[in-house]
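Chain residues, written in single-letter form:
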Amino acid sequence: MKLKKMLAGVLSAALLLAGCGTDNGGNPSTADAPDAEQYINTYVVTDPTSFDSAMATDTIAVNMLINLMEPLLRLEQQADGSLKTVEAGAESYTHSDDGLTWTFTIRENKWSDGQQVTAEDYAYGITRLLDPATAAPYSYLLMPLKNAAAVNSGELPVEELGVKALDEKTLEIQLEGPTSYFMGLLYHTVMLPARKDLVEQYGDQYGTAIDKMAYNGPFKAESWVHNSEIVFVKNDQYWDNASVKLGKITYKVIQDENAVYSSLENGSIDTASTLSKEWTDAFSQNSRLVHEKVVSANTYYQYYNQTDPLFANANVRKAFTLAVDREDLNDVIYDGMRIPAYSMIPNGITSGDTEYASIAKQPIKTLQESTTASPKELLVQGLTELGMDPDPAKLTVTLSLGGTDQFTKTLAEYMQQTYKTELGVQVQIEMLDWGAFIDNYYNLDYQIGQMAFGAEWNDPLSMLTCVESSQDGYCIGWGSEEVDALLAKATASSDETQKIALIEQIEDIFLNQDGCVCPLVFSASDLFTYDYVKGVEYATFSTSGYKYVYTQGRK
Amino acid sequence: MFRYILKRFLYMFITLFCITAATFFLMHSIPGDPLSYMAKKLPDQTRENYYEKYGLNESVPKQFGIFLKNIVTEFNFGESIRYPGRKVTETIVEGAGVSAAVGFQALFWGVSIGIILGVIAAYFRNRWPDYLIMFIAILGVTIPVFVFASLVQYLFTVKLRWFPTTGWGSWKEMVLPVITLALGSIAGYARYMKSSVLETINQDYILTARAKGVSEFNILRRHVLRNSIIPAVTILGPEIAAVFTGAFVTEKMFGIPGLGFYYVNSINDRDYTMIIGTTVFYAILFVAVQLVVDILYGVIDPRITLTKQE
């Protein structure tokens, strides 16, 4: 999921995930039956941008849309904790043997205003995202669709897009080529339906106010006081409303951390997420709060500009990568609250139904094990190869960070100290406001930088498709024909085992052999929820939202 | 007088134009754009479509021209880029209303209590009421707002549970932010008033009044207060303007949907339309209030004249 300002330990990431969560198994409930009045109070740190799925790119809006709209499929957590893709807006689906044509039978479902949900609604929602006039920031996620690029650039009319409603209940999607991660997009917000009549009526205002939209998911928006409170109520028109137990969800907009924790303490919200050890320790003392470590699909990493004369050399890059002790970084900077990262692909991302991180090789460990030289020796070797002065003490490099707060400063000083000790080099720190920082990043105007990269959809490839040389999505000035070929193969692969092996190979080249980027930590947060809240799914990509949540024993 | 006001109005428009132009060009010259928050290199096509939709593909002077035209012809500041569908003017009116509801109460209590305390401190100079009031005033000036707000919040919402922690809508939710905001004003006005009253009560005309047998209360009301309130009025002007623009920290801590949020976040989000809208709004308030204060001087103290005497 994409976040605003992914930097600085992805401070907000976890907070925003406060709405996701697992069964509180093991906690005895105080009553035998669910409470008579079913509601939940939670919070968000800022307003969602819009409920229009074409314009909603922030995590808050995305997490809310899961509750308001019905995607074709949902990824749900099973009783044993595993994840399973289940039919939602589509009642069944098939795809051709070559994987190019997907046919969905749309379920009998109604919009909150009573209108029938049709295949046309889904087709329109998807097409609208690629219409250049919509200017949807997430349009690029739909590039696997047939003619998507040409439609998005205006070369072909939108009618040429490979998305068609064959009849009232049949949706057909054609792909440009076989795409192994297409399933991951089916429960993403980019594939949500939209109401053509309402979009035409409200234009750009569609979805920006709660009454300028219709909902076909488990809940519908009832009120929205900007920057204050958003209320959802159960959508009685929803096809599976028998499974929906909550009558009301209240999202309070609370920007201030302390106010969030005070609200949790006095029970005005039922759940809160924290990144700090201090609060984790405090809340752990409260026996009514259930503690869950929630992984969010973000990797905090360091990257090197290969158009820079110094970092053009792989040994120099590897030296900087090897000099970092990820366990120590996690302990010192993050109070041990994150997960040390030895790969770019965070825990929680699944390929098929298997968590990638649990079975795949970790390229940074491979690098550490295969390198006999010390980081400093490697650096000297690199400098010699470059024909530069081999004395690291005479070397000064600049580390760029996007943020000017105290946390970023501490992190920068930690890195400075690490490189001074391990490599003997001087590190200059450049702390910039986010906009300026990201501008330098796009323009390859930096030496070393650090930020977070988040997975947009649930597939290990979501972290890697953009390394393709024509995109250079990591903005590092690197490309490899070998990797391009491997990526194409992994994207087209229909065999999970083969796909995972290919991804391992890509990561091996990207991180181990070429040392392009240096993963540091995966983001994770500590979520505390009152024990009367049941049925929450904590898995990173679970898209059930509040559909199955209920309370039992609320006082 | 009429000519003076007319002249001031003319100056006001020149000032506003300069502020608008400076803000517009400055904000377009800072690196980053409204898509920066995506934190990822977007394909050129996506960026192009987006720029075209918001008119960001035009040159900055041309964008400025369009912007000015919209303001002059229909007083339209456009829509927020970050929050699509939110009209800038509507958002400002909405947010300023909320901010003002809290801010005016805080200012009312702050000024009233501050002035009373300041007078008491001056009259009881170097005795315990003076020390106590000045102690409170110094606390009020030195304790950062977020510290005081956290303390108040913890005490009244977690320990005592008298008031809700955050929220907006009922009087209960206003109490704590008003207390938080008023503390600073109380401290400020108490200190200003004390020094100002001290200066006044040592004037000869007070002695004369006393010699004439005017009662202490009338001396205070008619001579002391009137002569010592000018500094307070001077700082009151900008404070009234600031009431509408909101107090970022306090609003953030108590979850008040005021305008403060937009002043800070629109810049971080590179929400161009919102930045310029909020800035122009503040500029208008500020120059207008300055004018009112200047006119008020003449009302309070007839010795101050606004136009050169012929």
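The notes below deal with the structure included here. Every value quoted in this text rests on a predicted model; they were computed, and no experiment measured them. (Residues numbered from 1 in each chain as written. Chains lettered and ligands numbered in written order. Predicted model: local features only at pLDDT ≥ 70, side-chain atom pairs only at ≥ 80, totals over all residues. Heavy atoms only, no water.)

**Let's talk about the overall build of chain B**
So, step 1. A count of helical and extended segments in chain B gives 13 helices and zero strands.
So, step 2. In sequence order, chain B lays out its α and β elements as α-α-α-α-α-α-α-α-α-α-α-α-α.
So, step 3. By its C-alpha atoms, chain B is 85 × 65 × 30 Å across when sized along the principal axes.
So, step 4. In chain B, which comprises 310 residues, the share counted as buried stands at 46%.
So, step 5. When contacts within chain B are restricted to residue pairs at least 6 apart in sequence, those whose partners lie at least 24 apart make up 74%. (Helix = DSSP H or I, 4+ residues; strand = E, 2+ residues; numbered from the N terminus. Buried < 20%, exposed > 50% of the residue type's maximum accessible area, 1.4 Å probe, protein only. Contact = heavy atoms within 4.5 Å.)

**Some details on the packing of helix α10 (residues 230-245) of chain B against helix α13 (residues 272-300) of chain B**
All names here are of chain B.
So, step 1. In the contact formed by α10 and α13, the axes pass within 9 Å of each other and the chain directions differ by 155°. For the element pair α10 / α13, the angle class is roughly antiparallel. Crossing hand, α10 versus α13: right-handed. Listed contacts from α13 to Ile230, Val233, Thr234, Gly237, Pro238, Ile240, Ala241, Ala242, Phe244 and Thr245 of α10 are Phe281, Tyr282, Leu285, Phe286, Val289, Gln290, Val293, Tyr297 and Ile300.
So, step 2. In terms of residue class, the contact of α10 with α13 is built from 15 nonpolar, four polar and no charged. (Axes fitted to C-alpha atoms, helices over the stretch in contact; angles between N-to-C directions. Parallel < 35°, antiparallel > 145°, perpendicular 65-115°, else oblique. Left-handed = near helix turned anticlockwise from the far one by under 90°. Nonpolar A, V, L, I, M, F, W, Y, C, P; charged D, E, K, R; others polar.)

**Some thoughts on helix α2 (residues 44-53) of chain B**
So, step 1. What α2(B) keeps buried is the set B:Thr46, B:Arg47, B:Asn49 and B:Tyr50. Relative to the axis of α2(B), the buried residues are bounded by an arc of 160° and lie together on one face. The outward face of α2(B), more than 90 degrees from its buried face, is lined by the exposed residues B:Asp44 and B:Glu52.
So, step 2. Buried residues in α2(B) make contact with α4 (148-152) and α15 (434-442) of chain A.
So, step 3. Trailing α2(B) by a residue or two, B:Gly55 shows a phi angle of about 70°, which is positive. (Arc of directions from axis to C-beta.)

**As for the pattern of salt bridges**
All names here are of chain A.
So, step 1. The tally for this structure, following the rule as stated, stands at 21 salt bridges over all chains.
So, step 2. In this structure, aspartate 270 and arginine 554 form a salt bridge, with 2.8 Å as the shortest nitrogen-oxygen distance. Taken together, the positions of aspartate 270 in the loop between α7 (257-265) and β11 (271-274) and arginine 554 in the segment after β21 (550-551) put the pair 284 residues apart, joining distant regions of the chain. The pair formed by aspartate 270 and arginine 554 is uniform in burial state, with each residue classed as buried. (Salt bridge = Lys/Arg side-chain N within 4 Å of Asp/Glu carboxyl O.)

**Remarks on the sheet that holds strand β7 (residues 170-174) of chain A**
All names here are of chain A.
So, step 1. An order of β4-β5-β7-β6 is seen for the four strands of this open sheet, with the pairing classed as antiparallel. The open sheet terminates on both sides in strands that have one partner only, identified here as β4 (90-95) and β6 (163-167). Strand after strand, the sheet turns through a mean of 20° between neighbouring axes, direction not considered.
So, step 2. Pairing geometry for strand β5 (residues 101-106) and β7, over five bridges, is antiparallel. Pairing of threonine 101 across the sheet is with glutamine 174, part of β7.
So, step 3. Lying on the sheet, helix α3 (residues 119-130) is in contact with β5, β6 and β7; it crosses β6 at an angle near 170°. (Pairing = 2+ DSSP bridges.)

**A look at the interface of chain B and chain A**
For an interface, size is often stated in terms of accessible area lost upon the parts coming together.
So, step 1. If you look at the interface, chain B gives 46 residues, while chain A gives 58 residues.
So, step 2. A combined buried area of about 4,400 Å² lies between chain B and chain A, and 52% of that area is made up of carbon and sulfur atoms.
So, step 3. Scanning the region where chain B abuts chain A turns up three salt bridges.
So, step 4. A:Asp47 is the partner of B:Arg86 in a salt bridge, and the nearest nitrogen-oxygen pair spans 2.7 Å.
So, step 5. Of all the secondary structure elements, the ones that give two or more residues to the side of chain B that touches chain A are α2, α6 (145-159), α11 (248-253) and α12 (260-268) of chain B.
So, step 6. If you tally residues by element for the side of chain B that touches chain A, the top one is α2(B), at six residues.
So, step 7. Of the residues belonging to the side of chain B that touches chain A, the class tally is 19 nonpolar, 14 polar and 13 charged. (Buried area = accessible area lost by both parts, 1.4 Å probe.)

Fair warning: the whole summary comes from geometry, so function is off the table for now.
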